[in-house]
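Spelled out from the first residue to the last, the chains are:
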Amino acid sequence: MRLEVFNRRQKAKLQKIEQTKLSAKAIPPRASTDCPQDSNKDPPADQTPTTEPLKESTPEEPGNDVQPVLHEDDPATPPCSTETCGKHVQSLEQECQALRTENMLLKEKMNRTTLNEMSLHNDDKRVNTLTGLSTYSILMTIFHIVAPFLKLKSCLTCFQQYMLTLMKLRMNLSFEFLAFYFGIDSTTVSKLFKHCISVMHCRLVPSLVLWPDREYLRKSLPYAFRNGSFEKTVCIIDCFEIFLEKPSRLLASAQCYSSYKSHHTMKYLIAICPQGSICFISTGWGGRTSDKFITEQSNFLSHLLPGDVVLADRGFLVKESIQRCQAELKIPAFTRGKKQLDPVDLENTRCLASLRIHIERVIGVLRQKYTVLQSTVPISFTDIDRENDVTYLDKIVSICCALTNVSESVVPFQ
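Now for a description of the structure that goes with this document. (Residues numbered from 1 in each chain as written. Predicted model: local features only at pLDDT ≥ 70, side-chain atom pairs only at ≥ 80, totals over all residues. Heavy atoms only, no water.)

1. Brief notes about the pattern of salt bridges
Phase 1 of the analysis: Under the criterion given, the structure shown has seven salt bridges.
Phase 2 of the analysis: Note that Arg356 is salt-bridged to Asp238, the shortest N-O span being 3.8 Å. With Arg356 in helix H14 (residues 343-369) and Asp238 in strand S1 (residues 233-243), this pair connects stretches of sequence that are 118 residues apart. Across the pair, Asp238 and Arg356 agree in class, each one buried.
Phase 3 of the analysis: Put simply, Asp385 and Lys395 hold a salt bridge, and the shortest N to O gap is 2.4 Å. In this pair, Asp385 sits in strand S8 (residues 384-385) while Lys395 sits in helix H15 (residues 392-405), placing the two residues 10 residues apart along the sequence. (Salt bridge = Lys/Arg side-chain N within 4 Å of Asp/Glu carboxyl O. Helix = DSSP H or I, 4+ residues; strand = E, 2+ residues; numbered from the N terminus. Buried < 20%, exposed > 50% of the residue type's maximum accessible area, 1.4 Å probe, protein only.)

Put into structure tokens, the structure is as follows:
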């Protein structure tokens, strides 16, 4: 009620001021053509005094600090219907639409640059470039296996920890670069990488690097092995070496030096089944260790069954060890002391070489997919994990073999 009384008094004062001005000028006031909402234009001179009574206050009137409520039908607030106001509203709408479009584009750009599930969805080429895996579905299948065991209370999400590990294996990026890319410290990157490597080694390797069943081998034997001499082939074996930093201890340096590579290396025994998948990978040995010693000391011979045939190179002088398992070793014929090979030996050696080349191709694919196996590995990767009693380099090699097995085989079936 006080507000209504105040508004009526203010309106009466405005009417008196207008009547005084009309009587003084003896001409009617000009209608305002400017929009009251347009803050860029000053109000006309004849409307300037109208705001003074609104600021007046008398001590005997209660509630005098409240401004009058102006309605649409109030003559002091003319409706906004001019052309200038319409253009101003239109420009504001255009600016708002442009900002919305810019915001949407920035969100799309951020999603493309951020490593998350949505940014890699339906982008198999990008998945292959970053991880070496062929499709997005394979990437997510492996992630769902290892995700429950990754660190939850971390500065990175589980998927980012998973991608960090795969990018390190795939492109051999330094920990400093990964720290800059993910916005964390390099020490944190090293800890997350080792933890994810341990999880993947425990969850993936036992289920992806398997010794095949003999019945399965016979049913899915490729056409090239369906020969009378090689139809019982169970695997092809070979060794490959990874360059290693020079150890500080003299004994370790002597054990790791490879005269064949003229470098300090770690040597691994690898076996593939006739279908082209990796079925065995040994632990790492110093580069000075012979192929025969690794074959006999690793767990390889325990997988052989009577009647199995193993294909190998000339350097594997383990015929007696394999014969004790009632299996057979086939290696190329030696030309030592002979001017020319026997025609039968020559044909068998030629067929054996055409089949044994598959393991060279598998090793090449393994190194090409995961370039961490091509470079010189830091000596810190040879530290032994106390929980599994396995070095981190052994875990890395096993995981690379497991991830290679989920890709397409290099051995054609036909």
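Now that the structure has been shown, the text picks up again.
2. Brief notes about the pairing of S1
Phase 1 of the analysis: A large share of S1 lies buried, amounting to 10 of its 11 residues.
Phase 2 of the analysis: Examined bridge by bridge, S1 and strand S6 (residues 309-311) share three bridges and lie parallel to one another. Within S6, the residue paired with Ile236 across the bridge is Leu311.
Phase 3 of the analysis: Where S1 lies against strand S3 (residues 263-272), eight bridges are found, and the strand directions are antiparallel. Opposite Phe240, over in S3, you have Tyr268 as the bridge partner. (Pairing = 2+ DSSP bridges.)

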